[in-house]
Amino acid sequence: MNEIKLHWLFLGSLINNIAVSTVWPLTTVYMHDALGKSLTEVGIILFLYSSSNVLGNYISGKLFDRHNRYILTIMGIITSVLISFGLIFFNGWPYYPIGLVLFGFTTGWNLTMINSLGTTVKLKSGRFIFNMLYLAQNVGVVFGTIAVGFIYPIGIGYVFMLTTAILIVYGISAILTYHKEGSIYPVKRDAMKKTKVKLPRPNWIIVTTFFVTLAIIWIVYEQWVSNMSVYITGSGIPLSMYSLLWTLNAFLLVVFQLLINWIAQKHDSLYFQIYFGILFIGLSFFTLIFTHTYTGFVISMIVLTLGEASVIPSIPALVNELTPVEVKGKYQGLTNAWAAIGKAIGPLVGGIIIDATSYGLLFIICTITCVVIILGSELIARYSRKKVTKYSE
């Protein structure tokens, strides 16, 4: 079959996430400390960044099902390179937030293209493909977060020089390896124009339920990505040590993903993986209520990582299982869009709570929220789960 080889998709995911992870660990700290913005202001900028990310996810997912995926992918990479290159020279206020918002659009675009191209590969199960794509993403995060922790003190311009160079490598790789007929047009477009594909109602209920669940998970998780950087550095811990927590996160994700893949062969339940993951994300915030040391932050990060490794790749795999081939791009785009909605709201909500009350109350709210969404998702999905139509395993 003339389709993209899995290892080239994994390599693309790896390289793309090295580039992305050189940007996001420093965003809150840079805007708060270097540009002098409050956490609420930072939250607004991150909201705009993630909103553009939602738009990129949605538009690219819709286009994926109807147009040449190769051209769309290359367009997204080239645009990312141009924006990153501009930020080398223009990274003050207001150029940095403008560039960040534009970069968010292309980040969403590129992520949806990679995940959607994964649905065109038929040699492996959807669960395996999405677990491995997520694994590749997080190996990329290992290298990206290590790099930014040491390069940022030299100057933010050097960070974007590295980001630009990495994205150029990704572009070259995609140009040489992604032009495969089976992955460019796996569905006949004429047939798609004649028939409007609709999900069976039970499938739609479950998919929509877990879209909302995913958004809420990211609202909670985003506190670690954004506001925790200020909390930890405010405790006298340098940015390089905060960055090291994300390196630990990415390393453990590799280990936990391999372990979860092995367990999944014996206990095959995406629903269990999702609920297990949400529970451990909640537990990570529960531990933060009682700790103020770097060792405590390390323990919390380990718990968070176990939850993340379980839930984050499981939801797109479930969506892939419940959607027909004609609209897989659309629903993978929507999956990433709902995640981006959570990422958009998360820093703003967290910043408002912290500015109005305290970090302690934020940790309590995050813990309770995780318990509530486990119960809510299961109550809504339980009845429909018995009547779903499965399109791929």
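Here we summarise the structure given alongside this text. Predicted model, so just to flag it, every value in this text is computed and none were measured.

Definitions and limits used
Residues numbered from 1 in each chain as written. Predicted model: local features only at pLDDT ≥ 70, side-chain atom pairs only at ≥ 80, totals over all residues. Heavy atoms only, no water. Helix = DSSP H or I, 4+ residues; strand = E, 2+ residues; numbered from the N terminus. Rg over C-alpha atoms; globule rule 2.2 N^0.38 Å. Buried < 20%, exposed > 50% of the residue type's maximum accessible area, 1.4 Å probe, protein only. Areas by Shrake-Rupley, 256 points an atom, 1.4 Å probe, with all protein chains shown as cover. Lys, Arg positive; Asp, Glu negative; His and termini not counted. Charge placed at Lys NZ, Arg CZ, Asp CG, Glu CD. Salt bridge = Lys/Arg side-chain N within 4 Å of Asp/Glu carboxyl O. Core = buried A, V, L, I, M, F, W, Y, C linked by side-chain atoms within 4.5 Å. Contact = heavy atoms within 4.5 Å. Phe/Tyr/Trp six-rings, centres within 6.5 Å; stacked < 30°, edge-to-face > 60°.

## Notes on the overall build of the chain
What the chain contains, in helices and strands, is 17 helices and 0 strands. Computed over the C-alpha atoms, the radius of gyration of the chain is 20 Å, within 12% of the 21 Å expected from 2.2 N^0.38 for a compact globule of 393 residues. Principal-axis analysis of the C-alpha atoms gives the chain an extent of 60 × 45 × 35 Å. For the chain, buried positions account for 59% of its 393 residues. Carbon and sulfur atoms form 71% of the exposed surface of the chain, whose accessible area is close to 16,200 Å². Looking at charge distribution, the chain has the averaged site of its 25 positive side-chain charges lying 10 Å from that of its 14 negative ones.

## Some points on unusual backbone geometry
The linkage connecting Trp-93 with the following residue, Pro-94, adopts the cis geometry, with an omega of 5°. Residue position: Pro-94 is located in the loop between helix H4 (69-89) and helix H5 (95-118).

## Observations regarding the pattern of salt bridges
Applying the stated criterion to the full structure yields 1 salt bridge. For Arg-382, the salt bridge is made with Glu-378, and the minimal N-O distance between the two is 3.1 Å. Note that Arg-382 and Glu-378 are positioned in helix H17 (residues 359-385) at a spacing of 4 residues, about one turn of the helix. The exposure class of Arg-382 is partly exposed, given its relative accessible area of 48%. Look at Glu-378 and you get buried, because its relative accessible area is 15%.

## A word on the nonpolar core
Within soluble globular proteins, side chains that are nonpolar tend to cluster in buried spots. If you look at the biggest cluster of nonpolar residues, it comprises 114 residues, and the most contacted ones within it are Tyr-96, Phe-210, Trp-224 and Ile-232. With 11 residues, helix H10 (residues 201-225) is the single largest residue contributor to this core. The residues contacting Phe-210, other than those within four sequence positions of it, are Tyr-271, Ile-274, Tyr-275, Ile-315, Leu-318, Ser-377 and Ala-381.

## Considering the side chain of Thr-106
Within the secondary structure, Thr-106 sits in helix H5. According to the relative accessible area criterion, Thr-106 is buried, its value standing at 2%. Apart from residues lying up to four places away in sequence, Thr-106 is in contact with Gly-76, Thr-79, Ser-80 and Ile-83.

## Quick look at the packing of aromatic side chains
By the definition in use, this model includes 17 aromatic pairs. Between Phe-285 and Phe-363 the ring centres are 6.4 Å apart and the planes differ by 45°, which places this aromatic pair in the tilted class. One end of the pair, Phe-285, is in helix H13 (residues 270-288); the other, Phe-363, is in helix H17, and 78 residues separate them in sequence. By relative accessible area, Phe-285 is classed as buried at 0%. Ring-pair connections join several aromatic residues into one group, and the members of that group are Tyr-231, Phe-285, Phe-297, Tyr-359 and Phe-363.

What is shown is where atoms sit, not what they do.
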